[in-house]
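In case you want the letters, here they are:
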Amino acid sequence: MAEFNQASHMLRVTTRGKGFIDITEDLRRWLGGLSARDGLLTVFVCHTSASLTIQENADPNVRRDLMTTLEALAPEDAPYTHAEEGPDDMPSHIKAMLTEVSLSIPVMDGRMVLGTWQGVYLIEHRAAPHERNIALSFIGSSQSSP
């Protein structure tokens, strides 16, 4: 028998500087622990210089090309007014604005509805390592105990 479930969790991810961090398995484990069945997973990064995306998980060159493109769209050597936190800070804000800080992922039969080659990624836009907080929220049905 299914029952309504609402749950939240704060996922902490340590980054090593700029790049894509695959958090797909972290999300799967959390949903599995809830015995989630059908519903909606919301993923929200609690920062203005990091972001989220769903992207190809097979060829790492895709992520390299995406990072190169983001760097070209918001270069560190542009004459930004906001520069108190270093040359990578304002470009990080721009990159976060151009990507996503929140994702909504359908959950069916206990699994995130992702395409064959899709993974969920945290994108770190700052050069230095950071600890990032990602708020998770699931609302939907869960498999109840017999």
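For the structure, check the block above.
Residues numbered from 1 in each chain as written. Predicted model: local features only at pLDDT ≥ 70, side-chain atom pairs only at ≥ 80, totals over all residues. Heavy atoms only, no water.

> Can you break down the overall build of the chain residue by residue, with the values?
A tally of helices and strands in the chain yields three helices and eight strands. Secondary structure elements of the chain occur, N-terminal to C-terminal, as β-β-α-β-β-α-α-β-β-β-β. Along the three orthogonal principal directions, the C-alpha set of the chain runs to about 60 × 30 × 20 Å. Of all 146 residues assigned to the chain, the portion counted as buried reaches 38%. Within the chain, contacts between residues separated by at least 24 positions form 83% of all contacts whose residues are at least 6 apart in sequence. If you sum the accessible surface of the chain, you get close to 8,100 Å²; carbon and sulfur atoms cover 54% of it. (Helix = DSSP H or I, 4+ residues; strand = E, 2+ residues; numbered from the N terminus. Buried < 20%, exposed > 50% of the residue type's maximum accessible area, 1.4 Å probe, protein only. Contact = heavy atoms within 4.5 Å. Areas by Shrake-Rupley, 256 points an atom, 1.4 Å probe, with all protein chains shown as cover.)

> A description of unusual backbone geometry should follow, citing residues and the corresponding values.
Even without being a glycine, Ser35 presents a positive backbone phi close to 55 degrees. Checked against the element boundaries, Ser35 lands in the loop between helix H1 (24-34) and strand S3 (36-45). Unlike most non-glycine residues, Asp109 shows phi in positive territory, near 50 degrees. As for its placement among the helices and strands, Asp109 is situated in the loop between strand S5 (102-108) and strand S6 (111-112).

> I'd love a proper account of the side chain of His47, names of residues and values included.
By the element assignment, His47 lies in the loop between S3 and strand S4 (50-56). Engagement of the side chain of His47 in a polar contact is seen with the backbone nitrogen of Asn133, the distance being 2.8 Å. Aside from chain neighbours lying at most four places away, what touches His47 is Val101, Glu131, Arg132 and Asn133. (Polar contact = N/O pair within 3.5 Å; in protein donor to acceptor, adjacent residues only side chain to side chain.)

> I'd like a rundown of the sheet that holds strand S2 (residues 19-22), residues and numbers included.
The strands that make up a sheet pair up through hydrogen bonds in the backbone, lying either parallel or antiparallel. Taken in spatial order, the three strands of this open sheet run S2-S7-S4, and their pairing is antiparallel. The open sheet has two edge strands with one neighbour each: S2 and S4. Sheet twist, expressed as the average angle between the axes of neighbouring strands with direction ignored, equals 35 degrees. Looking at chain direction, S4 and strand S7 (residues 118-124) are connected through seven bridges and run antiparallel. Across the sheet, the residue bridging to Glu56 is Gln118, located in S7. (Pairing = 2+ DSSP bridges. Axes fitted to C-alpha atoms, helices over the stretch in contact; angles between N-to-C directions.)

> Any details on the nonpolar core? Residues and values, ideally.
Counting 23 residues, the largest nonpolar core has Ile23, Leu27, Leu41, Val43 and Ile134 as the members making the most contacts within it. Elements represented by at least two residues in this core include exactly strand S1 (2-14), H1, S3, S4, S5, S7 and strand S8 (131-143). The biggest single contributor to this core is S3, with four residues. Setting aside its immediate chain neighbours within four residues, Val43 contacts Ile23, Leu27, Leu52, Val101, Ser102, Leu103, Ile105, Ile134, Ala135 and Leu136. (Core = buried A, V, L, I, M, F, W, Y, C linked by side-chain atoms within 4.5 Å.)

> Describe in detail the pairing of S5, supporting the description with residues and values.
A one-sided burial pattern is seen for S5, the buried positions being Leu103, Ile105 and Val107 and the unburied ones Ser102, Ser104, Pro106 and Met108. The pairing of S3 with S5 spans six bridges and is classified as antiparallel. Note on S5: the bridge partner recorded for Leu41 is Ile105. Two strands pair when backbone bridges link them, and S5 and S6 are joined in this way by two bridges, in the antiparallel orientation.

> Now, about the packing of aromatic side chains: what can you tell me, with residues and values included?
Summed over the entire model, instances satisfying the criterion amount to one aromatic pair. Pairing Phe20 with Tyr121 gives two aromatic rings, centres 5.9 Å apart and planes at 80 degrees, and the pair type is edge-to-face. Here the residue Phe20 occupies a position in strand S2, and Tyr121 occupies one in strand S7, the gap between them amounting to 101 residues. The residues Phe20 and Tyr121 share a single accessibility class, namely buried. (Phe/Tyr/Trp six-rings, centres within 6.5 Å; stacked < 30°, edge-to-face > 60°.)

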